[in-house]
Amino acid sequence: MEKTGYHVIDGHCDTLYELWKQGGELRQNKLDISLESLSLHTSYVQFFAVWLDDATKTAKQDALAMIEVFERELAKNKDILLPVRDAADFELVNKQGKIGGMLTIENGRALEGSLDNLQLFYDLGVKALTLTWNEDNDLSGGIFGENRGLTEFGRDVIGKMNRLGMMVDVSHLSVQGFWDALAISKAPIMASHSCALSVAAHRRNLSDEQIRALAEQGGMHGLNLYPAFLKEEAGAGISDMVSHIQHITAVGGEDSVGLGSDFDGFSGDRPIGLCGPEDYSHLFDALHKAGYSDDAIEKISHGNWLRYVKDVLK
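Residues numbered from 1 in each chain as written. Predicted model: local features only at pLDDT ≥ 70, side-chain atom pairs only at ≥ 80, totals over all residues. Heavy atoms only, no water.

Caption draft 1: The pairing of strand E4 (residues 99-106), seen in detail. Across the eight residues of E4, eight count as buried, placing the element largely inside the fold. The alternating pattern of E4 places Ile99, Gly101, Leu103 and Ile105 on one face and Gly100, Met102, Thr104 and Glu106 on the opposite face, and all of these are buried. By the bridge criterion, eight bridges tie strand E2 (residues 43-51) to E4 in an arrangement that is parallel. Its bridge partner being in E4, Tyr44 is matched across the sheet by Ile99. By the bridge criterion, three bridges tie strand E3 (residues 81-83) to E4 in an arrangement that is parallel. The partner of Leu81 across the bridge, within E4, is Ile99. On the question of chirality, the crossover connecting E3 to the parallel E4 by way of helix H4 (residues 87-96) is right-handed. (Buried < 20%, exposed > 50% of the residue type's maximum accessible area, 1.4 Å probe, protein only. Helix = DSSP H or I, 4+ residues; strand = E, 2+ residues; numbered from the N terminus. Pairing = 2+ DSSP bridges. Right-handed = clockwise from strand over helix to strand, strands pointing away.)

As structure tokens, then:
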């Protein structure tokens, strides 16, 4: 099949968790994300999250096991899949027309209260940390918790992440935690997979105040494709994605929004017209029809993420 012509960067998926639990291969599978589907684009960088349930009692052990899955897949797919750890790697993937994979962790429980574990994960190639999942942890309140802000440990974690050159991810964070992270981080933060609250009133989505502040700091907002975040009623599709992008760009400008699909991280129906990464060109076509220029779509497809990682990663 002919490639789409697009360079794509997607800021979040949960495919590693599914491979760890179910087995299977990254190259070809029945999940949302496979190397086969990503290779339909001219180049593609995927942020692969190590997702940890709030109830896990073996957070660090589980995280290390998923990282092993990632390393195994890198070794088996050297012909098409490159490890991505810094901005130069992003540009190499783009230039060579390959697929890049970057490790992130979703849920600060993985650290088990230790900055040494943060260093360990960084040394293993983890370049971003989503501070919480839905519930409170020892870093901060989560969005389904009691809206408490960052703990002292959470503040220490952000400080060390800044020194290491890691990306601070505030998706799933409590509202107070968001504002705390924005205030104390010396580097721009990101919301890797979130939508706009004004378009769909789900508590996981960001308010206009948050969108604006994130953009003003130079941060990034990855659009989540989970239908429940895109639309309050059933039947979410590409038109709803366009509505969120239009709102985010109206509030925060064209330089802070990109893709953060959350593929393999949600159950139920996929959004209408975009069942997997192979369909991203349908979204880009819809943005063209909505009046977005080629340059603006290039920013949304990958350019804004590239700008952000150049600012943050070391």
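Next, the rest of the story.
Caption draft 2: Molecular detail of the nonpolar core. Counting 81 residues, the largest nonpolar core has Leu131, Tyr280, Leu283, Phe284 and Leu287 as its most contacted members. Here the element with the most residues in this core is helix H3 (residues 59-76); it accounts for seven residues. Apart from residues no more than four positions distant in its own chain, Leu283 is found in contact with Ile238, Met241, Val242, Ile245, Leu259 and Leu274. By size, the runner-up hydrophobic cluster in this structure holds 20 residues, among which are Ile9, Ala187, Tyr308 and Leu313. (Core = buried A, V, L, I, M, F, W, Y, C linked by side-chain atoms within 4.5 Å. Contact = heavy atoms within 4.5 Å.)

Caption draft 3: Molecular detail of the pattern of salt bridges. Using the criterion set out here, one finds 11 salt bridges in the structure. Taking the shortest distance from any N to any O, the salt bridge between Lys76 and Glu25 comes out at 2.1 Å. Of this pair, Lys76 sits in helix H3 while Glu25 sits in the loop between helix H1 (15-22) and helix H2 (35-38), and the two are 51 residues apart along the sequence. With a relative accessible area of 39%, Lys76 lands in the partly exposed category. Across the pair Arg109 and Asp54 runs a salt bridge whose closest N-O atoms are separated by 3.5 Å. Highlighted residues: Arg109 in the loop between E4 and helix H5 (115-123) and Asp54 in the loop between E2 and H3, separated in sequence by 55 residues. Relative accessible area serves as the criterion here: at 26%, Arg109 is assigned to the partly exposed category. Overlapping salt bridges bring together Glu25, Arg72, Glu73 and Lys76 as one network. (Salt bridge = Lys/Arg side-chain N within 4 Å of Asp/Glu carboxyl O.)

Caption draft 4: Main features of the pairing of strand E1 (residues 7-13). Along E1, six of the seven residues are buried, which leaves the element largely enclosed by surrounding structure. Note: E1 against E2, five bridges, orientation parallel. Paired with His7 across the bridge in E2 is Ser43.

Caption draft 5: Quick peek at H4. Burial in H4 covers these residues: Ala87, Asp89, Phe90 and Val93. Projected down its long axis, H4 shows its buried positions confined to an angular sector of 165°, all on one face. With a side-chain oxygen positioned 3.2 Å from the backbone nitrogen of Ala88, the residue opening H4 is Asp86. One or two positions beyond H4, positive phi appears at Gly97, with a value near 65°. (Arc of directions from axis to C-beta. Polar contact = N/O pair within 3.5 Å; in protein donor to acceptor, adjacent residues only side chain to side chain.)

Caption draft 6: Main features of unusual backbone geometry. In this structure, Glu112 takes a positive phi of about 50° despite not being glycine. Inspection of the secondary structure assignment puts Glu112 in the loop between E4 and H5. Not every positive phi belongs to a glycine, and Asn147 is a case in point at roughly 60°. Secondary-structure assignment places Asn147 in the loop between strand E5 (126-130) and helix H6 (152-164).

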